[in-house]
Amino acid sequence: CHLTLSSQLEGQMMPIIATTEAICSFEGQNLTLMDHKVFQEIAKKLKFKNRGRNVINQLSANFILKNNQIEVIPFQIKWDRYEAVVGGTHTTDFTYDYHISLLKSPIIFDLGLNLSGKTDEMHYKLGKCKYKDLYKDKGIKHKQKTDERLKNKRQEINKYIKL
């Protein structure tokens, strides 16, 4: 995990979210989803081959927090027999607007899924794959553009940090 953050602090030394700018990058392999009940529900709906193995094969993601909004830069996730690209935004009041493009799945046609709304009132809608082209070259160009963008954003944030 790599985190760059700048924020004003309140009296208890907690960051004031409205003033926070942050960039977070993390990656991992063989990640275990700790909530077994949630995993069972996901595995059942997605018809996983191995419903007893709650391990995400590979995950690498980048987030940008600014103006009370978190941008999730499209990232690839591999889980069981699925490969997908996930991206979108959500606000600090937990209003979501995400898109998931399935790159590999048991479904024989291209499928995109749009998720929006608040946590308790999530809306799902099928759509076109928005992110399919990002990984045609195994994500090399997308990774280069993302790395450059994050580098520039980190430099902007580092200007605020006085050590």
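A short tour of the structure in this document, coming up. Note that the coordinates shown come from a computational prediction; the quantities given were computed from them, not determined experimentally. (Residues numbered from 1 in each chain as written. Predicted model: local features only at pLDDT ≥ 70, side-chain atom pairs only at ≥ 80, totals over all residues. Heavy atoms only, no water.)

Core analysis: the largest hydrophobic core is formed by 21 residues, its most contacted members being Phe-48, Phe-75, Ile-77 and Tyr-98. In terms of residue count, strand β4 (residues 69-79) provides more of this core than any other element does, five residues in total. Leave out the neighbours within four places in its chain, and Ile-77 touches Ile-56, Gln-58, Leu-59, Tyr-82, Glu-83, Ala-84 and Val-86. Judged by nonpolar contacts, the second largest core, of five residues, contains Ile-23, Ile-64, Ile-73 and Leu-150. (Core = buried A, V, L, I, M, F, W, Y, C linked by side-chain atoms within 4.5 Å. Buried < 20%, exposed > 50% of the residue type's maximum accessible area, 1.4 Å probe, protein only. Helix = DSSP H or I, 4+ residues; strand = E, 2+ residues; numbered from the N terminus. Contact = heavy atoms within 4.5 Å.)

Another aspect to go through is the side chain of Glu-21. With respect to the secondary-structure elements, Glu-21 resides in strand β2 (residues 21-32). One buried charged residue, Glu-21, forms no salt bridge at all, with the nearest opposite charge on Lys-66 at 4.1 Å. The residues contacting Glu-21, other than those within four sequence positions of it, are Thr-4, Leu-5, Ser-6, Leu-65, Lys-66, Ile-157 and Tyr-160. (Lys, Arg positive; Asp, Glu negative; His and termini not counted. Salt bridge = Lys/Arg side-chain N within 4 Å of Asp/Glu carboxyl O.)

The next thing to look at is the layout of surface pockets. When its volume is computed, the largest pocket comes out at roughly 1,400 Å³. Taken together, 33 residues make up the lining of the largest pocket; nearest its centre are Ile-42, Leu-46, Trp-79, Ile-100 and Leu-115. Breaking the lining of the largest pocket down by element, the ones donating at least two residues are α1 (36-46), β3 (55-66), β4, β5 (82-91), β6 (95-104), β7 (111-118) and β8 (123-127). When residues of the lining of the largest pocket are assigned to their parent elements, the largest contribution, five residues, is made by α1. Grouping the amino acids of the lining of the largest pocket by side-chain chemistry returns 29 nonpolar, no polar and four charged. In this structure, the second largest pocket spans a volume of roughly 550 Å³. Considering the residues around the second largest pocket, the lining is formed by 26 residues, among which Glu-27, Ser-60, Ala-61, Asn-62 and Lys-143 are closest to the centre. For the lining of the second largest pocket, the elements supplying multiple residues, two or more each, are β2, β3, β4 and α2 (140-158). With seven residues, α2 is the single largest residue contributor to the lining of the second largest pocket. (1 Å grid on protein atoms, 1.4 Å probe; cavity = no way out; pocket = protein on both sides within 12 Å on 5 of 7 lines; lining within 4 Å. Points joined across faces, edges and corners; volume = space filled by probe spheres on them. Nonpolar A, V, L, I, M, F, W, Y, C, P; charged D, E, K, R; others polar.)

Judged by side-chain polarity, Ile-107, Ile-108 and Phe-109 come together as a nonpolar surface patch covering roughly 360 Å² of accessible area. By the element assignment, Ile-107 lies in the loop between β6 and β7. (Patch = residues over 30% accessible without salt bridge, like charges linked within 9 Å, V, L, I, M, F, W, Y side chains within 5 Å. Areas by Shrake-Rupley, 256 points an atom, 1.4 Å probe, with all protein chains shown as cover.)

A separate point is the pairing of β7. Pairing of β6 with β7, which is carried by eight bridges, proceeds in the antiparallel orientation. Residue pairing across strands places Ile-100 opposite Leu-113, the latter belonging to β7. Linking β6 back to β7 in an antiparallel pair, the connection comprises six residues. (Pairing = 2+ DSSP bridges.)

The next subject is the pattern of salt bridges. Counted under the stated rule, the structure contains five salt bridges. As a salt-bridge pair, Asp-110 and Lys-132 come within 2.5 Å of each other at their nearest N and O atoms. You can see Asp-110 sitting in the loop between β6 and β7 and its partner Lys-132 sitting in the loop between β8 and α2, a full 22 residues away along the chain. For Asp-110, a relative accessible area of 48% puts it in the partly exposed group.

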